[in-house]
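# Per-entry structural report
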Amino acid sequence: MADAQHTGEPDNTAVRTALWRALHVRADPPPHVLDDEIGLRLVDPADDWRDRPDMDPDTTRGFRAAMVARARFIEELVAEQADHGVTQYVLLGAGLDTFVQRRPELAARLRVFEIDQPRTQAWKRDRLDALGYGVPEALHLVPVGFEAEEDWLEPLTAAGFDPGRPAVLASTGVSMYLTEETTTATLRRIAGLAPGSTLAMTFLLPPELLDEADRPGLRRSKEGAQASGTPFISFYTPSRMLALAREAGFATARHVPGTDLADRWFAHRPDGLRPSTGEDFLVATV
């Protein structure tokens, strides 16, 4: 991996997600649900990165399909909201997201705020500069320890976010690492933003709600997260997540099953690629 020059490096989860998105392009036949190899360039792994056990093209098929499906879902939601006049987009726990670099025509209509750990933000800024992308005026990297339960709204506002104007907020692959109390506080904070704001957040289902074939994969993921020091600590039934959103003060809240995304973008593929079950969306509006 490229030298982080004493700025630290992104966590293993962010790296794995970026590499899975690239693996979708390189290992799966078209049509590609998401065309993203910029994350691979950011990570700059060794030439044998596809030999990593967590990059096995067969055993990771469902996981990488789920990663690109959730990214596609978010980006279509952002485009839809931009068409309705929303001009702010906030990524909570942004990791190595590449929306601004891949979708410059859409990003140009928005002010994009990426919230993540300070070490990840510093590393990403260095890599964007090294690759010639830089950090455009419309992109704001907001270094906040979101997972550490720090207040993120104040530094977000200081970075130029206007809490009085509607926004799209996305949080994917984060809630499983947070306590329910932290997630509840996040929901309340977002529900207090301007009317017309929309949140899209993923959550992990309890194992008993997964398809039988996907339970061993969840178990391996849970064990891997535990071993890397970032254990899964929160799982939610759809009814529980909807209740939390309504209690937080959202005007509307709906559950979008991962199977809906699978039906939308993976139906009738000759290769049989389909996202694994286990991660669903909450979409809530203020």
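Anyway, here's the lowdown on the structure attached to this text. (Residues numbered from 1 in each chain as written. Predicted model: local features only at pLDDT ≥ 70, side-chain atom pairs only at ≥ 80, totals over all residues. Heavy atoms only, no water.)

Okay, helix 3 (residues 61-83) next. In this model helix 3 runs 33 Å from its N-terminal to its C-terminal C-alpha over 23 residues, within 8% of the 33 Å that 1.5 Å per residue would give. Looking one or two residues beyond helix 3, the residue adopting positive phi is G85, at roughly 95°. (Helix = DSSP H or I, 4+ residues; strand = E, 2+ residues; numbered from the N terminus. Expected span 1.5 Å × (residues − 1).)

Looking now at the pattern of salt bridges. Throughout the structure, instances matching the rule amount to 18 salt bridges. Across the pair R70 and E279 runs a salt bridge whose closest N-O atoms are separated by 2.9 Å. Residue R70 is found in helix 3, and its partner E279 is found in strand 7 (residues 279-285); the two are separated by 209 residues along the sequence. In this structure, R70 and E279 share a single accessibility class: buried. Of the charged contacts in the structure, one is a salt bridge between R215 and E212, with a shortest N-O distance of 3.3 Å. Under the relative-accessibility criterion, R215 is labelled partly exposed at 28%. Classification of E212 as exposed rests on a relative accessible area of 59%. (Salt bridge = Lys/Arg side-chain N within 4 Å of Asp/Glu carboxyl O. Buried < 20%, exposed > 50% of the residue type's maximum accessible area, 1.4 Å probe, protein only.)

A word on the packing of helix 3 against helix 11 (residues 258-265). Relative orientation of the contacting elements helix 3 and helix 11 amounts to 85°, with a least axis distance of 10 Å. Relative to helix 11, the element helix 3 lies roughly perpendicular. Where helix 3 abuts helix 11, its residues A69, R70, R72, F73 and E76 lie against L261, R264 and W265. Its residues placed into classes, the contact of helix 3 with helix 11 shows four nonpolar, no polar and four charged. (Axes fitted to C-alpha atoms, helices over the stretch in contact; angles between N-to-C directions. Parallel < 35°, antiparallel > 145°, perpendicular 65-115°, else oblique. Contact = heavy atoms within 4.5 Å. Nonpolar A, V, L, I, M, F, W, Y, C, P; charged D, E, K, R; others polar.)

It is worth spelling out the sheet that holds strand 2 (residues 111-116) at this point. The strand order across the open sheet built from seven strands is 3-2-1-4-5-7-6, with neighbouring strands paired in mixed fashion. The sheet terminates laterally at strand 3 (139-143) and strand 6 (252-256), the two strands that pair on one side only. When strand polarity is set aside, the average angle formed by the axes of neighbouring strands in this sheet is 15°. Inspection of the sheet shows strand 1 (residues 88-92) paired to strand 4 (residues 168-171) by three bridges, in the parallel sense. When the bridges of strand 4 are listed, Y89 appears paired with V168. Most of the contacts of helix 3 go to strand 7, to which it runs at about 15°, and overall it touches strand 1, strand 4, strand 5 (198-204), strand 6 and strand 7. (Pairing = 2+ DSSP bridges.)

P31 follows P30 through a cis peptide bond whose omega is 5°. Considering the arrangement of structural elements, one finds P31 in the loop between helix 1 (12-27) and helix 2 (38-43). Of note, D44 is a non-glycine position whose phi angle comes to about 50°, a positive value. Assessed through its relative accessible area of 39%, D44 is described here as partly exposed.

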